[in-house]
Amino acid sequence: MLSRTVRVCGCLVAAALLGGCSRESQSVIRSKLGKLAPKASEQGVPEGGWTPEAIAADPAGYLQHADGAIGTQIEGRRQKLAQLATTRASIDARAQALNTKVSDAENVIKRLTAATQRAEDEDNWPVKMAGRTFDQAQADAVRQSLTQFVADRQDLVRAYRDALNRVNATESKLKADIEQLSRMREKISLDMERVKLNQGLAELGDLHRTETELASFAKTLADISDEAMLGRLGSFDKATEAVDAESLLRVGQ
């Protein structure tokens, strides 16, 4: 306590001396005063935080603090939603490209299987497809390679699907939070009007519960990382390969 008093007295003395100092000296003194004085962001929060006793002693101050905290939480969630929209677009584009390649491979397998079946039934080798000819060994090699191509990408197909599901779930959670925070803000606004009209607040316990909820919202927002939302998609190398039906038919050639 004595140390704090000495510091405050030192600040007052330094302030009194400012008038008789040069501009350079005044700048140095102001710099030292800024280090001794509490920051503006800390001045609105009582020492020890907004305890039930602190809220009861200054409900108006707490309500102003809560309104600002709610605004910060809403804005944080809106930023996350904007990030998710960008993430969704990227995942959608990659997933569609991958699905197209897998579908092309499956289509080639289907067509080649039908062609080889006719060749076997009619004993008419080699088969022709997309301007190319295949004997039985080549056709079997192409089908085997394409089947492996499709199988190798199933984990990534599922990873994209799971990632989009996580995006959907996170978006729903963020939007629900924003609605709840907005309702809290409306109540805070009404409580502020009551305080201004000197009506007092009988529900001070509710205000402390609001502070507890705000702490929970802050933790929830901090926990929503990109990895938590999407999981690990792993390498995108196989998703970005330039593969089309024409190149798939070259397998085994």
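Here the structure is shown first, and the text comes after it.
Described below are features of the structure shown in this document. It should be emphasised that the depicted structure is a prediction, and the values quoted were computed from it without experimental measurement.

### Some details on the overall build of the chain
Scanning the chain from N- to C-terminus turns up 10 helices and two strands. Listing the helices and strands of the chain from first to last along the sequence gives α-α-α-α-α-β-β-α-α-α-α-α. Burial statistics for the chain: of 253 residues in total, 30% are counted as buried. Summed over all atoms, the accessible surface of the chain reaches about 15800 Å², with 52% contributed by carbon and sulfur.

### Some points on the packing of aromatic side chains
Centre-to-centre distance and the angle between the planes together describe a pair of aromatic rings. Counted by the stated rule, this structure contains one aromatic pair. Of note, Arg153 hangs over the ring of Phe149, and the distance from its end group to the ring centre comes to 3.8 Å.

### Some thoughts on helix α6 (residues 136–152)
Between its first and last C-alpha atoms α6 spans 24 Å; for 17 residues at 1.5 Å apiece the expected length is 24 Å, and the two agree. Along α6, the positions that sit buried rather than exposed are Ala139, Val142, Arg143, Leu146, Phe149 and Val150. The buried residues of α6 all sit within an arc of 120° when viewed along its axis, so they share a single face. Across α6 from its buried face, at more than 90 degrees, point the exposed residues Ala137 and Gln144. Between the side-chain oxygen at the start of α6 and the backbone nitrogen of Ala137 there is a gap of 3.2 Å, and the oxygen is on Asp135.

### What about the packing of helix α5 (residues 59–122) against helix α7 (residues 154–196)?
As a packed pair, α5 and α7 sit with axes 8 Å apart at the nearest point and diverge in direction by 160°. Put simply, α5 runs roughly antiparallel to α7. Judged by the twist between their axes, the crossing of α5 over α7 is left-handed. Looking at the contact of α5 with α7 residue by residue, the classes come out as 24 nonpolar, eight polar and 12 charged.

### Considerations on the nonpolar core
Counting residues in hydrophobic clusters, the biggest one holds 44 residues, and the most contacted among them are Tyr62, Ile70, Phe134, Leu181 and Leu214. Looking at this core, the elements that each hand over two or more residues are α4 (52–57), α5, β1 (127–129), α6, α7 and α8 (204–223). Among the elements that line this core, the one with the most residues is α5, at 17 residues. Excluding anything up to four places from it in sequence, Leu181 contacts Ile70, Gln73, Ile74, Arg77, Leu214 and Phe217.

### Focus on the pattern of salt bridges
A full pass over the atoms with the stated rule returns eight salt bridges. Its salt-bridge partner being Asp177, residue Arg77 comes within 3.1 Å of it at the nearest N-O pair. In this pair, Arg77 sits in helix α5 while Asp177 sits in helix α7, placing the two residues 100 residues apart along the sequence. For the pair shown, Arg77 and Asp177 are each scored as buried. The partner of Lys173 in a salt bridge is Asp177, with the nearest N and O atoms 3.1 Å apart. Separated by four residues within a single helix, Lys173 and Asp177 lie in helix α7, roughly one turn from each other. Classification of Lys173 as partly exposed rests on a relative accessible area of 42%. Of the residues examined, Asp177 reaches a relative accessible area of 2% and is grouped as buried. Each member of the salt-bridge network shares a partner with another, and the members are Arg77, Lys173 and Asp177.

Definitions and cut-offs
- Residues numbered from 1 in each chain as written.
- Predicted model: local features only at pLDDT ≥ 70, side-chain atom pairs only at ≥ 80, totals over all residues.
- Heavy atoms only, no water.
- Helix = DSSP H or I, 4+ residues; strand = E, 2+ residues; numbered from the N terminus.
- Buried < 20%, exposed > 50% of the residue type's maximum accessible area, 1.4 Å probe, protein only.
- Areas by Shrake-Rupley, 256 points an atom, 1.4 Å probe, with all protein chains shown as cover.
- Phe/Tyr/Trp six-rings, centres within 6.5 Å; stacked < 30°, edge-to-face > 60°.
- Lys NZ or Arg CZ within 6 Å of the ring centre and 35° of its normal.
- Expected span 1.5 Å × (residues − 1).
- Arc of directions from axis to C-beta.
- Polar contact = N/O pair within 3.5 Å; in protein donor to acceptor, adjacent residues only side chain to side chain.
- Axes fitted to C-alpha atoms, helices over the stretch in contact; angles between N-to-C directions.
- Parallel < 35°, antiparallel > 145°, perpendicular 65-115°, else oblique.
- Left-handed = near helix turned anticlockwise from the far one by under 90°.
- Nonpolar A, V, L, I, M, F, W, Y, C, P; charged D, E, K, R; others polar.
- Core = buried A, V, L, I, M, F, W, Y, C linked by side-chain atoms within 4.5 Å.
- Contact = heavy atoms within 4.5 Å.
- Salt bridge = Lys/Arg side-chain N within 4 Å of Asp/Glu carboxyl O.

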